[in-house]
Amino acid sequence: MKFGKAASYLLSPVAFALLAFALLMATANNYGIFTDELYLYACAQHLAFGYVDQPPFIAWVTRFSLVFGKSLFVLRFFPALAGAGTVLLAAAIARALGGKRFAAVLASLSILCGSAFWIMFGYVSMNAYDIFFITLVSYLFILVLQKGTMLLWILLGIAVGLGLNTKLTMLVFSFGLFAGLLLTSRRRLLLTRYPYIAAAIALAMFIPHLVWQAANGWPTLEFIRMAGEKNLNLPVTTLILQLAVAANLFLFPIWVTGLWILFRRAGRLSVRPLAIAAVVFFAIYLANP
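Think of each chain on its own: its residues are numbered from 1, step by step along the sequence as written. Given that this is a predicted model, residues contribute local features only at a pLDDT of at least 70 and side-chain atom pairs are listed and counted only at 80 or more, while totals for whole chains, interfaces and linings are drawn from all residues. The side-chain numbers reported here are obtained from all heavy atoms of the structure, hydrogens and water having been left aside.

Thoughts on the packing of helix H3 (residues 57-65) against helix H8 (residues 126-146)
At step 1: The axes are straight lines fitted to the C-alpha atoms, using for helices just the contacting stretch, and the angles between their N-to-C directions are given from 0 to 180°. Counting from the N terminus, the helices are the DSSP runs of H or I reaching at least four residues and the strands are the DSSP runs of E reaching at least two. Across the interface, H3 lies against H8 with an axial gap of 10 Å and an inter-helix angle of 110°. Taken together, the axes of H3 and H8 lie roughly perpendicular to each other. Here H3 contributes Phe-57, Ile-58 and Val-61 to the contact with H8, which in turn contributes Met-126, Tyr-129 and Phe-133.
At step 2: Per-class residue counts for the contact of H3 with H8 are 6 nonpolar, no polar and no charged. Roughly parallel here means an angle under 35 degrees, roughly antiparallel means over 145, roughly perpendicular means 65 to 115, and every remaining angle is called oblique. Throughout, a contact is declared for two residues whenever any of their heavy atoms are within 4.5 Å. Basically, the charged four are Asp, Glu, Lys and Arg, the nonpolar ten are Ala, Val, Leu, Ile, Met, Phe, Trp, Tyr, Cys and Pro, and anything else, Gly included, counts as polar.

Listed below in structure tokens is the structure:
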């Protein structure tokens, strides 16, 4: 496909991404600093390879942002940038799955029209980068299933490594991807060296945090245990309804339909392992709210 034609598919998503970034930045100073942002600001003043409740990425990127000044606008710049990147990645995923211009536009709008988007990318938190990296890993995983080059596997490993250093959600998602490969005909990929190269890259990037955890008595495990005790034990149906509202109740059927199509799609564009990964991912969190 010629560059001009390919670029035309991204024209609207790029416009949406720029609009989202502009709106997030225009409203960055509308609300005072959030309590969690104060905590992350403090973490950024004491850089380490780990913290009791999080891996190091958020503290390091927050510290980098402070090079440009100390204001809400500066603090919230990179989360907004991650939001814009997520909008673009959604369109890229639609194209990778064989969608046309309409599919790319719909994918971008589905992200923008979810109320969770404006919350998650509107302030400093791990969630903004976590969503971005999981979306990036999903995109690279699709490309790996379709092309499977060494470079793509390396990029996938780097993306997973960055995600692991952002939030342990990536550990659960990676397990889902492994289960997706294992439970489909794509398990033959596990007989090649490429997945293990990607895993080795991700692990190497995560080792500094593991060393920090070991040196400090694995405090995050205790934090997770205590957090589980204080969380509300909501019924699964209530949790699913909350997810539907966060994704925009009117758009939720699109998400469900998309997942169903991923399971049914066959041939060269089949990415059933990703569909299984999504189900495994949500099942784990629904079983451990």
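Quick look at helix H10 (residues 169-182)
At step 1: By this rule the span expected of a helix is its residue count minus one, scaled by 1.5 Å. End to end, H10 covers 20 Å across 14 residues, agreeing with the expected 20 Å (1.5 Å per residue, within 8%).
At step 2: The classification of residues rests on relative accessible area computed with a 1.4 Å probe and restricted to protein chains. Under 20% of the type maximum is buried, over 50% is exposed, and intermediate values are partly exposed. Among the residues of H10, those classed as buried are Thr-169, Met-170, Val-172, Phe-173, Gly-176, Leu-177, Ala-179, Gly-180 and Leu-181.

Structural notes on the packing of H8 against helix H9 (residues 150-164)
At step 1: Across the interface, H8 lies against H9 with an axial gap of 9 Å and an inter-helix angle of 160°. Between H8 and H9, the angle is such that the two are roughly antiparallel. Considering only the axes of H8 and H9, their crossing is left-handed. Across the interface between the two elements, Phe-133, Leu-136, Val-137, Leu-140, Phe-141, Leu-143 and Val-144 from H8 touch Leu-152, Trp-153, Leu-155, Leu-156, Ala-159, Val-160, Leu-162 and Gly-163 from H9.
At step 2: Looking at the contact of H8 with H9 residue by residue, the class counts come to 14 nonpolar, 1 polar and no charged. Left-handed describes a crossing whose near helix is turned anticlockwise from the far helix by less than a right angle; the clockwise case is right-handed.

Digging into the nonpolar core
At step 1: Among buried residues, the Ala, Val, Leu, Ile, Met, Phe, Trp, Tyr and Cys ones that are joined through side-chain atoms within 4.5 Å form a nonpolar core. Ranked by internal contacts, the top residues of the largest apolar core, which has 64 residues, are Phe-117, Val-137, Leu-156, Met-170 and Phe-173.
At step 2: When residues in this core are grouped by element, the largest group, 12 residues, is from H8.

Looking at the pattern of salt bridges
At step 1: Basic side-chain nitrogens of Lys or Arg form a salt bridge, by our definition, when they fall within 4 Å of a carboxyl oxygen of Asp or Glu. Taken as a whole and judged by the stated rule, the model has 2 salt bridges.
At step 2: Among the salt bridges present, the one from Glu-37 reaches Arg-76, with a minimum N-O distance of 2.7 Å. With Glu-37 in helix H2 (residues 35-44) and Arg-76 in the loop between helix H4 (72-75) and helix H5 (77-96), the pair connects residues that are 39 residues apart, well separated along the chain.

Details of the packing of aromatic side chains
At step 1: What counts as a ring pair is set by centres within 6.5 Å for rings of Phe, Tyr and Trp (its six-membered ring), and what kind of pair is set by the plane angle: stacked under 30 degrees, edge-to-face over 60, tilted for all other angles. Applying the stated rule across the entire model yields 14 aromatic pairs.
At step 2: On the numbers, 5.4 Å between centres and 70° between planes, the contact of Phe-57 with Tyr-129 is edge-to-face. Of the two residues, Phe-57 is situated in helix H3 and Tyr-129 in helix H8; the sequence distance between them amounts to 72 residues.
At step 3: Since its relative accessible area comes to 6%, Tyr-129 is described here as buried.
At step 4: Judged by centre distance (5.5 Å) and plane angle (80°), the rings of Phe-281 and Phe-282 are edge-to-face.
At step 5: Members of the aromatic cluster, each reached through a chain of ring pairs, are Phe-21, Phe-64, Phe-68, Phe-77 and Phe-78.

Description of the layout of surface pockets
At step 1: For each structure, a 1 Å grid was placed over the protein atoms alone; sets of points admitting a 1.4 Å probe that cannot get out are labelled cavities, open sets with protein on both sides within 12 Å along at least five of seven lines are labelled pockets, and lining residues have an atom within 4 Å of a point. Grid points are joined across faces, edges and corners, and a volume is the space filled by probe spheres set on the points. Looking at the second largest pocket, its volume works out to about 460 Å³.
At step 2: Taken together, 20 residues make up the lining of the second largest pocket; nearest its centre are Val-160, Ser-174, Phe-178, Pro-195 and Ala-199.
At step 3: Broken down by secondary-structure element, the contributors of at least two residues to the lining of the second largest pocket are H9, H10 and helix H11 (194-215).
At step 4: Considering every element that reaches the lining of the second largest pocket, the biggest residue donor is H11, with 7 residues.
At step 5: Its residues assigned to classes, the lining of the second largest pocket comprises 18 nonpolar, 2 polar and no charged.

What to know about the side chain of Ser-125
At step 1: Its location among the elements puts Ser-125 in the loop between helix H7 (115-120) and H8.
At step 2: Only 3.2 Å separates the side chain of Ser-125 from the backbone nitrogen of Asn-127, close enough to count as a polar contact.
At step 3: Look past the residues within four positions of Ser-125 in its chain and what remains in contact with it is Leu-40, Ile-58 and Met-120. A 3.5 Å cut-off defines polar contacts: any pair of N or O atoms within that distance qualifies, except that in protein one atom must be a possible hydrogen donor and the other a possible acceptor, and neighbouring residues in sequence count only when both atoms are side-chain atoms.

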